[in-house]
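As a plain string of letters, each chain reads:
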Amino acid sequence: MKVNRKAGRLPILIIVILVFAGIGIMRRCTIEDSTLADDYIRPGHDTIAVAIEMSPLTYTLRHDTASGFDYDILCDIARTHNLHLKFHPISDLDRAFRDLDAGKYDLLVASMPSTSTLKEYFPLTEPVYIDRQVLVQRRDTDSIVAVTSQKELLEDTVWIPDGAPYRSRLKNLSAELGGNIYFESKPEYSAEHLAIMTALGTIPRAVVNENIARHLSDEYPQLDISVPISLNQFQVWAVAPGDSILLDSVNTWLLQFKQTAAYDSLSTHYLR
């Protein structure tokens, strides 16, 4: 859906969405649950307000211990550069993007591919890691025959997170295959929800990021995630529009951190 930014409206962009326990030394940062975004007041300039997606890969909380690939990266960067971060766990990415655009957050961290559409509205960071989308479905049983190729999705329906940027990839795939792939989505269903609903047989199949799917397939071995939907894509973070200073800083911090053994350790631990 295209929206005229001059009219003060922001398009529905992405939900690429919603544990995982510790890695070596536990990383802890300031956490604040900002579910009432309308009442949220952005902190002072000495604090970076980070909206962070709740998912098995990005950020999760188990037994009062926070962890996650992106979360751990940010905590390591914060310690190195003496930064104060205030995390606001979110699951509604559409709303989070609107709040980022309104200046309620400084940084939005989630499993989101760098796309040309997203670049039109938000400054995007250097790549954090690489991921792709895969089809999530139940394995073959006496009553279920799993899809084995993209072509078998023609004239069928897949669930995707509401406003997911890879909707355009599925539309292009439909055109390439000479037919239609139909989509279903609801705002309350994140990528994690859709994968679990597929495992439980509530929905037939979904498309989510591969690293999220792999984490969930450990817990739900009945899931088949063998059919790729996209090529590898750079996953990035989004910065509030107009904050070029923060964008430059985050890019510098990321590039430096990706050269360290700590980044390699986190990648080995979280990325499959």
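Data block above holds the structure.
On a predicted model such as this, the values are computed, not experimentally measured, just so you know.

Colleague: Which residues make up the overall build of the protein chain, and what are the values?
Modeller: When its secondary structure is counted, the protein chain shows eight helices and 13 strands. A buried classification covers 53% of the 272 residues belonging to the protein chain. Of the roughly 12700 Å² that the protein chain leaves accessible, carbon and sulfur atoms contribute 50%.

Colleague: Explain the side chain of serine 174 to me, using residue names and the numbers behind them.
Modeller: Residue placement: serine 174 occurs in helix 4 (residues 167-177). In this structure serine 174 comes out as buried when scored by relative accessible area, which is 6%. Residues in contact with serine 174, not counting those within four places in the same chain, are Leu154, Gly179, Asn180 and Ile181.

Colleague: Run through helix 6 (residues 210-219), naming residues and quoting values.
Modeller: In an α-helix, one turn spans 3.6 residues; hence positions three or four apart end up facing the same way. Summarising burial for helix 6: seven of the 10 residues are buried, a large majority. Listed in full, the buried residues belonging to helix 6 are Glu210, Asn211, Ile212, Ala213, His215, Leu216 and Ser217.

Colleague: Run through the nonpolar core, naming residues and quoting values.
Modeller: Within the largest apolar cluster, 43 residues are counted, with the highest numbers of intra-cluster contacts made by Val50, Phe69, Ile73, Leu74, Phe87, Val136 and Trp237. Beyond its immediate stretch of four places on either side in the chain, phenylalanine 69 contacts Leu57, Thr58, Val128, Tyr129, Tyr263, Leu266, Ser267, Tyr270 and Leu271. Counting residues in each nonpolar core, the second largest holds 17 residues, with Phe97, Tyr105, Ala238 and Ala240 among its members.

Colleague: Lay out the environment of isoleucine 160 with the relevant residues and their values.
Modeller: For isoleucine 160, the location among the structural elements is in the loop between strand 9 (157-159) and helix 4. The spatial distance from the C-alpha of isoleucine 160 to the C-alpha of serine 190 is 8.2 Å, given a sequence separation of 30 residues.

Colleague: Mind laying out the packing of aromatic side chains, listing which residues take part and the relevant values?
Modeller: One pass over the full model with this rule turns up eight aromatic pairs. Between the aromatic rings of tyrosine 71 and phenylalanine 87, the centroid separation amounts to 5.0 Å while the plane-to-plane angle is 55°, which identifies the pairing as tilted. You can see tyrosine 71 sitting in helix 1 (residues 69-81) and its partner phenylalanine 87 sitting in strand 5 (residues 84-90), a full 16 residues away along the chain. Of the residues examined, phenylalanine 87 reaches a relative accessible area of 0% and is grouped as buried. Each residue in the set Phe69, Tyr129, Phe257, Tyr263 and Tyr270 is aromatic and connected to the rest through ring pairs, giving one cluster.

Colleague: Explain the pairing of strand 11 (residues 205-209) to me, using residue names and the numbers behind them.
Modeller: Among the five residues in strand 11, five count as buried, and that is most of the element. Examined bridge by bridge, strand 8 (residues 133-138) and strand 11 share five bridges and lie antiparallel to one another. Bridging from a neighbouring strand, valine 136 pairs with alanine 206 of strand 11.

Colleague: How would you sum up the packing of helix 1 against helix 8 (residues 261-270)? Please name residues and give values.
Modeller: As a packed pair, helix 1 and helix 8 sit with axes 10 Å apart at the nearest point and diverge in direction by 165°. On the basis of the axis angle, helix 1 is roughly antiparallel to helix 8. Helix 1 and helix 8 meet at a crossing whose hand is right-handed. Counting all contacts with helix 1, which are made through Phe69, Asp72, Ile73 and Asp76, the residues of helix 8 involved are Ala262, Tyr263, Leu266, Ser267 and Tyr270. In terms of residue class, the contact of helix 1 with helix 8 is made up of six nonpolar, one polar and two charged.

Colleague: Tell me about helix 2 (residues 93-101), and please be specific about residues and values.
Modeller: All of the buried residues in helix 2 are Leu93, Asp94, Ala96, Phe97, Asp99 and Leu100. Buried residues along helix 2 sit against strand 2 (47-53), strand 5, strand 6 (107-113), helix 3 (116-119) and strand 13 (233-239). At the N-terminal boundary of helix 2, the capping side chain belongs to aspartate 92, with an oxygen 3.3 Å from the backbone nitrogen of aspartate 94. Positioned one or two residues after helix 2, glycine 103 has a phi angle of 85°, which is positive.

Colleague: I'd like a rundown of the pattern of salt bridges, residues and numbers included.
Modeller: Enumeration according to the criterion identifies six salt bridges in this entry. Between arginine 98 and aspartate 94 there is a salt bridge, and its shortest N-O distance comes to 3.6 Å. You can see arginine 98 and its partner aspartate 94 sitting in helix 2, four residues apart, about one turn around the helix. Two residues, arginine 214 and glutamate 210, come together in a salt bridge whose shortest N-O distance is 2.8 Å. Separated by four residues within a single helix, arginine 214 and glutamate 210 lie in helix 6, roughly one turn from each other. A cluster of three or more residues bridged by salt bridges with shared partners is formed by Arg132, Glu210 and Arg214.

Colleague: I'd like a rundown of the pairing of strand 2, residues and numbers included.
Modeller: Counting buried positions along strand 2 yields seven of seven residues, so the element is predominantly enclosed. Sheet topology places strand 2 next to strand 6; three bridges connect them, and they run parallel. In the strand pairing of strand 6, alanine 51 is matched with leucine 108.

Thresholds, definitions, all that
- Residues numbered from 1 in each chain as written.
- Predicted model: local features only at pLDDT ≥ 70, side-chain atom pairs only at ≥ 80, totals over all residues.
- Heavy atoms only, no water.
- Helix = DSSP H or I, 4+ residues; strand = E, 2+ residues; numbered from the N terminus.
- Buried < 20%, exposed > 50% of the residue type's maximum accessible area, 1.4 Å probe, protein only.
- Areas by Shrake-Rupley, 256 points an atom, 1.4 Å probe, with all protein chains shown as cover.
- Contact = heavy atoms within 4.5 Å.
- Core = buried A, V, L, I, M, F, W, Y, C linked by side-chain atoms within 4.5 Å.
- Phe/Tyr/Trp six-rings, centres within 6.5 Å; stacked < 30°, edge-to-face > 60°.
- Pairing = 2+ DSSP bridges.
- Axes fitted to C-alpha atoms, helices over the stretch in contact; angles between N-to-C directions.
- Parallel < 35°, antiparallel > 145°, perpendicular 65-115°, else oblique.
- Left-handed = near helix turned anticlockwise from the far one by under 90°.
- Nonpolar A, V, L, I, M, F, W, Y, C, P; charged D, E, K, R; others polar.
- Polar contact = N/O pair within 3.5 Å; in protein donor to acceptor, adjacent residues only side chain to side chain.
- Salt bridge = Lys/Arg side-chain N within 4 Å of Asp/Glu carboxyl O.

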